2 protein chains.
Amino acid sequence: MRTPGMTLKELAEMLSLSPTTVSRALNGYPEVNAETRARIEAAAREHGYQPNTMARKLATGKAMAVGHVIPLGEHQMINPIFAEFMTGASEVYSKVGYETILTVVPEKGEEDAYRDLARRHSVDGVIVHAPRTGDPRIKLLTELGLPFVLHGRPVGDDGPSVCLDIKNARAFRQATQFLIDLGHRRIALLNGLEQISFALRRRAGYEQAMERGGIATDPSLSAHQEMTETNGYNTTMAWMQRAERPTAILTSSIISAIGVSRAVRDAGLELGHDVSLITHDDDLSFLRNEGDPPRFTTTFSSISAAGHRCAEMVLDLIAGKPVESEVWDCQLVEGRSTGPAPA
Amino acid sequence: MRTPGMTLKELAEMLSLSPTTVSRALNGYPEVNAETRARIEAAAREHGYQPNTMARKLATGKAMAVGHVIPLGEHQMINPIFAEFMTGASEVYSKVGYETILTVVPEKGEEDAYRDLARRHSVDGVIVHAPRTGDPRIKLLTELGLPFVLHGRPVGDDGPSVCLDIKNARAFRQATQFLIDLGHRRIALLNGLEQISFALRRRAGYEQAMERGGIATDPSLSAHQEMTETNGYNTTMAWMQRAERPTAILTSSIISAIGVSRAVRDAGLELGHDVSLITHDDDLSFLRNEGDPPRFTTTFSSISAAGHRCAEMVLDLIAGKPVESEVWDCQLVEGRSTGPAPA
DNA sequence: TTGAAAGCGCTAACAA
DNA sequence: TTGTTAGCGCTTTCAA
């Protein structure tokens, strides 16, 4: 049923050339006569010749694809951010003729997914999202010999790896400091799941600033949970109902910030007046409006840029080029209504 | 560098059998001696044998993959919904050993992306998202002979195709009717881009109900635009500032509804009191909380279920099984604060 | 019930 | 600069 699509051999026959020459011409090898190459290219274009990827993959032993394994379940709400990331990455792959392979697996099956990808040679490399404490993926991928790039710094010492990250600790230290300078003392932290590298570093930054400011951190004012709107709402609501409620909240995601914002309102309070909010902004442009809620933006703001860069890095890795880890800087952007602490 | 992974030939040699027999045993062909098969299976398991997908693909001519082509740009904000959809679909593919191939392309390159996928034999079938008026994809895919399933009904008559959709018109007719019955007259529609099938059908439903209710539809109360929060916010804000502002708003997406909700508040009005809101709910659970905003839910509510079903359908199509289009029913769920029209 | 042999369409040594 | 010859690892006739 499928349009057959011409083969290399057929094209070669039409040109009275050997498949080898045609292959070489089309793949840009230098040893082809310019005139011959022109002829071949013209014919290929004219007949809409497109090499069969499977054959090429088998012959070269390269999968011409990069894999992204996404665990379902607990972390599922990573989705909107993940989508932005994928957009950036996928663009890069397409540009060099690579394909993007997406594998969605139940939390438990994650390692098997990587094993399968490696053994079946389905991909030449992978991107690992949100490394965690004791993350088994790094060791596994190293063993499998599958090139990978981490989006986020690894937590412990799991051996050498290449990653792209932002200065999480610094960002949150700055943000906390900023609030302290405004006179806040009861500053709450609404963070992501504790075992995730991002969250760990952000907490560290928060705690450092608190310590420097001589403020004892109240553990009940730190929440580590999935960054959903509902979680943000519920946790904030509980905080708002305390006698000594926090006067400022720091969140790790614009998604939770939406929940915070709603909870504050529902508690009969006003954001930027009764409660200040600073959030790490993942630039989900479809979710936010200028100045609301007031937020903390990092240069990592465009998640799609991160996807873009991670993709480039993994391709370099695959090509055997040396690749350095990158840690991007941050930038504090003062929101409209982040005011001094209420008296 | 990569762990080599044993080949069929090697496995066969270890067993002193021919590759043919081993292949047959592993692929469940009936003509293999039970005892031999057991031996083969044991050995395969023991040595962790995993067939090389590329070789298999080349030999069988099947790509063992389904493609999803996502246009960038205008429709980019489809993202969060799309992510949910992909989750459902990907699960299905994985379960049967298929891979998910994602192609993100600039709006213009969409057709070429399909052509390339087909010619390079990268996929056995594709899912087409959000068919539009004069959508070139249907004809193209038919020509290419690439099996496809539409998520959303086609608009015109682009030839036979298989689709999965909800009863959009009926849903919006019902919702509008519901508002009319509550006494609303100035009902606004905040819809998706005009050329998208979903939006067209929803508008039709809205207009039918208005007509039946004997209410002239005010064109300035229908907005067709990308369903982003910002668009929802701005449009609603403009409406709220009119002398005769709408008393009810119907939106096509929970994303725009968030913008509506904020705009109403910022205009100093109260949702469910001054303005009623009903929205088609894509069940992006991370974005909403029970009862806020009041909403209209369809059984299509779980987008991931749609992804799941579309995937099954395309696999059946690929397998040559007959597949019927499906149109899922809807369900009106009354939200907490959708009250009668203000006097 | 098993095996031998011939590809799938391409790339890549090695020759010419 | 071009062509010849082998494969890549698997499936699949066709024989035994």
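Residues numbered from 1 in each chain as written. Chains lettered and ligands numbered in written order. Predicted model: local features only at pLDDT ≥ 70, side-chain atom pairs only at ≥ 80, totals over all residues. Heavy atoms only, no water.

Within the UniProt annotation, "domain: HTH lacI-type" (unreviewed entry) is assigned to residues 6–60 of chain A. Between the end C-alpha atoms of residues 6–60 of chain A there is a gap of 20 Å, over a span that is 65% helix and 0% strand. (UniProt positions renumbered as here; feature names shortened; annotations may be inferred. Helix = DSSP H or I, 4+ residues; strand = E, 2+ residues; numbered from the N terminus.)

Residues and elements named next belong to chain B. Contact geometry for helix α2 (residues 19–26) and helix α3 (residues 34–46): axes closest at 9 Å, N-to-C directions at 85°. Considering their axes alone, α2 and α3 lie roughly perpendicular with respect to each other. For the pair α2 and α3, the contacting residues are T21, V22, R24, A25 and L26 in the first and T36, R37, I40, E41 and A44 in the second. In the contact of α2 with α3, the residues fall into five nonpolar, two polar and three charged. (Axes fitted to C-alpha atoms, helices over the stretch in contact; angles between N-to-C directions. Parallel < 35°, antiparallel > 145°, perpendicular 65-115°, else oblique. Contact = heavy atoms within 4.5 Å. Nonpolar A, V, L, I, M, F, W, Y, C, P; charged D, E, K, R; others polar.)

Formed by 38 residues in total, the largest nonpolar core has its most connected members in A:Y114, A:V126, A:L141, B:Y114, B:V126 and B:L141. In contact with A:L141, not counting residues within four places along its chain, are A:Y114, A:V126, A:V128, A:L146 and A:F148. Listed in part, the 37 residues of the second largest apolar core include B:A89, B:A175, B:I303 and B:V323. (Core = buried A, V, L, I, M, F, W, Y, C linked by side-chain atoms within 4.5 Å. Buried < 20%, exposed > 50% of the residue type's maximum accessible area, 1.4 Å probe, protein only.)

As summarised here, the arrangement of the twelve strands in space is β11(A)-β5(A)-β4(A)-β3(A)-β1(A)-β2(A)-β2(B)-β1(B)-β3(B)-β4(B)-β5(B)-β11(B), forming an open sheet in which the pairing is mixed. In this open sheet, the two edge strands, each paired with only one partner strand, are β11 (326–328) of chain A together with β11 (326–328) of chain B. Geometrically, the sheet is characterised by an average inter-axis angle of 20° between neighbouring strands, direction not taken into account. In terms of strand pairing, strand β4 (residues 148–151) of chain A meets strand β5 (residues 162–166) of chain A through three bridges, oriented parallel. (Pairing = 2+ DSSP bridges.)

Pairing between side chains of opposite charge can happen when their charged atoms approach one another. Residues and elements named next belong to chain A. Applying the stated criterion across every chain yields a total of 34 salt bridges over all chains. For the salt bridge of R137 with E110, the shortest nitrogen-to-oxygen distance reads 3.2 Å. Here R137, found in helix α7 (residues 136–144), pairs with E110, found in helix α6 (residues 110–119); they are 27 residues apart in sequence, far enough to count as distant. Considered together, R137 and E110 belong to a single accessibility category, that of buried residues. Note that D316 and K321 form a salt bridge whose closest N and O atoms lie 3.6 Å from each other. Here D316 falls in the partly exposed class, since its relative accessible area comes to 24%. Three or more residues joined by partner-sharing salt bridges are found here, namely E110, R132, D135 and R137. (Salt bridge = Lys/Arg side-chain N within 4 Å of Asp/Glu carboxyl O.)

The next point concerns the pairing of strand β1 (residues 65–71) of chain B. Residue and element names in this part refer to chain B. Burial within β1 is extensive, with seven of its seven residues counted as buried. Judged from the seven bridges that link them, β1 and strand β2 (residues 99–105) form a sheet pairing that is parallel. Paired with G67 across the bridge in β2 is I101. Pairing of β1 with strand β3 (residues 125–129), which is carried by three bridges, proceeds in the parallel orientation. Bridge pairing in β3 places V66 opposite G125.

Quick look at the protein's contact with DNA strand C now. Taken together, 26 residues surround DNA strand C, and among them A:L8, A:S23, A:Y49, B:R24 and B:T36 come closest. Expressed as a percentage, the sugar and phosphate content of the atoms of DNA strand C within 4 Å of the protein is 62%. Contact distances for DNA strand C include 3.2 Å between a phosphate oxygen and a side-chain N or O atom of A:R56. Residue B:T21 places a side-chain N or O atom 2.7 Å away from a phosphate oxygen belonging to DNA strand C. Put simply, the parts of the chain that give the surface near DNA strand C at least two residues each are α1 (8–14), α2 (19–26) and α4 (53–60) of chain A together with α2 and α4 (53–60) of chain B. (Near = heavy atom within 4 Å. Polar contact = N/O pair within 3.5 Å; in protein donor to acceptor, adjacent residues only side chain to side chain.)

Residue and element names in this part refer to chain A. With their axes 7 Å apart at the nearest point, helix α8 (residues 168–181) and helix α9 (residues 197–212) run at an angle of 35° to one another. In terms of crossing hand, the pair formed by α8 and α9 is right-handed. Within the contact between the two elements, α8 uses N168, A169, F172, R173, T176, Q177 and I180 and α9 uses F198, R201, R202, G205, Y206, Q208, A209, M210 and R212. Its residues assigned to classes, the contact of α8 with α9 shows seven nonpolar, five polar and four charged. (Left-handed = near helix turned anticlockwise from the far one by under 90°.)

Turning our attention to the protein's contact with DNA strand D. In the neighbourhood of DNA strand D, 26 residues make up the surrounding shell, with A:T20, A:T36, B:L8, B:S23 and B:Y49 lying closest. Expressed as a percentage, the sugar and phosphate content of the atoms of DNA strand D within 4 Å of the protein is 60%. A distance of 2.6 Å separates a phosphate oxygen of DNA strand D from a polar side-chain atom of B:S23. In this structure, a phosphate oxygen belonging to DNA strand D sits 2.7 Å away from a side-chain N or O atom of B:Y29. Those elements giving two or more residues to the surface near DNA strand D turn out to be α2 and α4 of chain A together with α1 (8–14), α2 and α4 of chain B. Ranked by residue count, the leading element in the surface near DNA strand D is α4(B), at four residues. When grouped by side-chain class, the residues that make up the surface near DNA strand D number ten nonpolar, twelve polar and four charged.

Residue and element names in this part refer to chain A. Topologically, A169 is positioned in helix α8. Taking C-alpha positions, A169 is 25 Å from V314, a pair spaced 145 residues apart along the chain. In this structure, A169 is in contact with R201 and G205, ignoring residues within four places of it in sequence.

Taken across its seven residues, strand β2 (residues 99–105) of chain A has seven buried, putting it largely inside the fold. Neither face of β2(A) is exposed, since A:E99, A:I101, A:T103 and A:V105 on one face and A:T100, A:L102 and A:V104 on the opposite face are all buried. Bridge count between β2(A) and β2(B): three bridges; the pairing is antiparallel. Bridged to A:L102 within β2(B) is B:T100.

It is worth spelling out the side chain of A:D135 at this point. Residue and element names in this part refer to chain A. Within the secondary structure, D135 sits in the loop between β3 (125–129) and α7. One polar contact links the side chain of D135 to the main-chain amide nitrogen of R132, over a distance of 2.9 Å. Side-chain polar atoms of D135 contact the side chain of R137, separated by 2.6 Å. Those residues in contact with D135, other than ones at most four positions away along the chain, are A130 and D158.

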